[in-house]
Amino acid sequence: MLAQVVELIEKKDRFAITSHVRPDGDGLGSSLGLLWLLKSLNKDVEVIMRDPAPHSYQQLPGAGTIRVAPRIGEHFDAVFIIECSDLDRPGLEDLDQQFVVNIDHHSTTELFGSINWIDSTAAACGEMVYNLCKATGVRVTKEIAECVYTALLTDTGSFHYSNTTERTFKIASELVRTGVRPAKTAEALFGSYQWPKIELLSRVLSTAKRDDTGHVAWMWQTLAMQEQTHAAEEDADGFVNYPLAVGEVEATALFKETAPGVYRTSLRSKGDVNVAKIAEQFGGGGHRNAAGCTLKGTSSELEQKVVPLLQDAVKRSNGLKDFTEDALIESGS
Ligand code: 5GP
Ligand code: MN
């Protein structure tokens, strides 16, 4: 819990910070936010990640100092692991030899740390880093503000998702007052891609299919598409959301081939449709409306496996809606 984290920071001096493989805006923003927080307290601290920061996050303060490595490689007083469902998710080999602090806003995380600070009310781990500033008395500097703002912006889908609350805007307001420029940050994150992304997008969108109900849609990205367009793996970020722009589409999948017959599968949904449960069945995880897992097989096998599960998830949420309406009728409201 938070009090244990504060006590640890007060007592110890040498820290490392990491997040999950293929780090995203919250993984990077909160790791670097925590880096600047600990630096403010004159701690010896380093961010170590298995994978480098994608191009659009290179502008984050401190991104250039991240050590990209397959292992921690030395002893630290504690290693902060941010936004990871289990000890394997950072993709670093030697974490079992460290004093680990697990920081996450997913309630489904395993309690793998010596200290576990889990806050499922936080919109992003970045919000938890902000709370840690308040708890340690560290002033929110411009560096911290930019990192936390990026975490909030990306994990709330630019303030679109249901984790966006009054609190999110309150924190964002303070961050802007500290010097964050929303338009500049948004442009760096969402308006600085290279042309191959468009070439890749056009190929991926051309595979879009939907089921008979129109509520479930899915798309493919093959290795061949990536080769033809010279796109980077991260260029596919965000593609899975496109079909959700259609009113009746409630759940989508993007099957992205990362090795022959191996597909990183991204799942997205609207409202009560729970795709995290589907990802968990296949060893992945995530949130109700955004989750992922890795699947192996042919494209028709994966379609037969995943599409019916998405259809079930949609049906179940419609059942929930019916139930609520019935309950309202019964209670006479
Ligand atoms: P994406 O589709 O963008 O790769 O992932 C969406 C969300 O699902 C992530 O923010 C993360 O919470 C979760 N997620 C994706 N892949 C995995 C996975 O392999 N394991 C777990 N535990 N969570 C995942
Ligand atoms: Mn997050």
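Given the structure is predicted, the values throughout are model-derived calculations rather than measurements.

(A) The arrangement of the overall build of the chain in detail. In terms of helices and strands, the chain carries ten helices and twelve strands. Dimensions of the chain along its principal axes, counting C-alpha atoms only, are 60 × 60 × 40 Å. By residue count, 49% of the 333 residues in the chain fall in the buried class. Sequence separation of 24 or more characterises 59% of the internal contacts of the chain that already satisfy a separation of 6 or more. Surface accessibility of the chain: about 15700 Å² in total, with carbon and sulfur atoms responsible for 51%. Distance between charge centres in the chain, computed from 33 positive and 46 negative side chains, equals 3 Å.

(B) Local environment of the coordination of the manganese ion (ligand 2). Of the protein atoms, only Asp26 (OD), Glu83 (OE), His105 (NE2) and Asp155 (OD) coordinate the manganese ion (ligand 2), at distances of 1.8 to 2.3 Å. Counting along the primary sequence, the residues that act as donors to the manganese ion (ligand 2) give the motif D-x56-E-x21-H-x49-D. In this pair, Asp26 sits in helix α2 (residues 25-40) while Asp155 sits in helix α4 (residues 142-155), placing the two residues 129 residues apart along the sequence. Per residue, the accessibility class of Asp26 equals that of Asp155, and both read buried.

(C) Region of the structure containing the site of ligand 1. What surrounds ligand 1 is a group of 13 residues, the closest being Ser85, Arg264, Ser266, Arg268 and Ala291. In the model, an oxygen atom of ligand 1 is placed 2.6 Å from a nitrogen or oxygen of the Ser266 side chain. In the environment of ligand 1, an oxygen atom lies 2.9 Å from a nitrogen or oxygen atom belonging to the side chain of Arg268. Here ligand 1 has 500 Å² of accessible area as a free molecule, and 79% of this is covered by the chains. Among the secondary structure elements, those contributing two or more residues to the shell around ligand 1 are β10 (262-269), β11 (285-287) and β12 (290-296). Of the residues belonging to the shell around ligand 1, the class tally is two nonpolar, seven polar and four charged. Structurally, the shell around ligand 1 is a two-domain feature, drawing no fewer than three residues from each of domain 1 (2-190) and domain 2 (195-324).

(D) Summary view of the sheet that holds strand β4 (residues 78-82). The sheet built from six strands is open, its strands ordered β3-β2-β1-β4-β5-β6 with parallel pairing. The open sheet is flanked by β3 (67-68) and β6 (115-118), the only strands paired with a single partner. Summarising the sheet, strand β1 (residues 14-18) and strand β2 (residues 44-49) pair through four bridges and their orientation is parallel. The partner of Arg14 across the bridge, within β2, is Asp44. Across the sheet, helix α1 (residues 2-11) is in contact with β1, β4, β5 (100-104) and β6; its angle to β6 comes to roughly 125°.

(E) Layout of α1. Residues of α1 that are buried: Val5, Val6, Leu8 and Ile9. Looking straight down α1, one finds that the buried residues subtend no more than 160° of arc, so they occupy a single side. α1 presents Glu10 and Lys11 as exposed residues on the side facing more than 90 degrees away from its buried surface. Structurally, α1 contributes buried residues whose contacts are with β1, α2, β4, β5, β6 and α3 (125-136).

(F) Geometry of the nonpolar core. Core analysis: the biggest nonpolar cluster contains 50 residues, and Ile17, Leu34, Leu37, Leu38, Phe80 and Leu175 have the highest contact counts within it. Leave out the neighbours within four places in its chain, and Leu38 touches Ile9, Phe15, Ile17, Lys43, Val45 and Phe80. Ala251, Phe255, Val306 and Leu309 belong to the second largest nonpolar core, which has 23 residues in total.

(G) Region of the structure containing the domain arrangement of the chain. Each assigned domain of the chain is listed here: domain 1 (2-190) and domain 2 (195-324). Once you take the C-alpha centre of each, domain 1 and domain 2 turn out to be 27 Å apart. On the side of domain 2, nine residues touch domain 1, which itself brings eight residues to the contact. Roughly 620 Å² of surface becomes buried between domain 1 and domain 2 when both sides are summed, with 41% attributable to carbon and sulfur atoms. Taken together, the connections running from domain 1 to domain 2 amount to zero salt bridges. At the boundary of domain 1 with domain 2, the tally comes to two residue pairs in polar contact (both at pLDDT 80 or more).

(H) Fine view of the packing of α4 against helix α6 (residues 182-190). The interhelical angle for the contact between α4 and α6, taken along N-to-C directions, is 60°, at an axis separation of 11 Å. As for how α4 packs across α6, the hand of that crossing is right-handed. Here α4 contributes Tyr149, Thr150, Leu153 and Thr154 to the contact with α6, which in turn contributes Pro182, Thr185, Ala186, Leu189 and Phe190.

(I) Looking closely at the pairing of β2. Chirality of the crossover, the property in question, places the unit of β1, α2 and β2 among those that are right-handed. Here two bridges tie β2 to β3, and the two strands are oriented parallel to one another. Across the sheet, Ile48 pairs through a bridge with Arg67, a residue of β3.

(J) Seen up close, the environment of Val314. Residue position: Val314 is located in helix α10 (residues 299-330). Residue Val314 is classed as buried on the basis of its relative accessible area of 3%. Sequence-wise, Val314 and Glu250 are 64 residues apart; in three dimensions their C-alpha atoms are separated by 6.9 Å. In this view, Val314 contacts His215, Val216, Glu250, Ala251 and Val273; residues no more than four positions away in its chain are not counted.

Scoring rules and cut-offs
- Residues numbered from 1 in each chain as written.
- Chains lettered and ligands numbered in written order.
- Predicted model: local features only at pLDDT ≥ 70, side-chain atom pairs only at ≥ 80, totals over all residues.
- Heavy atoms only, no water.
- Helix = DSSP H or I, 4+ residues; strand = E, 2+ residues; numbered from the N terminus.
- Buried < 20%, exposed > 50% of the residue type's maximum accessible area, 1.4 Å probe, protein only.
- Contact = heavy atoms within 4.5 Å.
- Areas by Shrake-Rupley, 256 points an atom, 1.4 Å probe, with all protein chains shown as cover.
- Lys, Arg positive; Asp, Glu negative; His and termini not counted.
- Charge placed at Lys NZ, Arg CZ, Asp CG, Glu CD.
- Donors = N, O, S within 2.8 Å, 3.2 Å for Na, K, Ca; no water.
- Near = heavy atom within 4 Å.
- Polar contact = N/O pair within 3.5 Å; in protein donor to acceptor, adjacent residues only side chain to side chain.
- Nonpolar A, V, L, I, M, F, W, Y, C, P; charged D, E, K, R; others polar.
- Domains from an automatic or database assignment.
- Pairing = 2+ DSSP bridges.
- Axes fitted to C-alpha atoms, helices over the stretch in contact; angles between N-to-C directions.
- Arc of directions from axis to C-beta.
- Core = buried A, V, L, I, M, F, W, Y, C linked by side-chain atoms within 4.5 Å.
- Buried area = accessible area lost by both parts, 1.4 Å probe.
- Salt bridge = Lys/Arg side-chain N within 4 Å of Asp/Glu carboxyl O.
- Left-handed = near helix turned anticlockwise from the far one by under 90°.
- Right-handed = clockwise from strand over helix to strand, strands pointing away.

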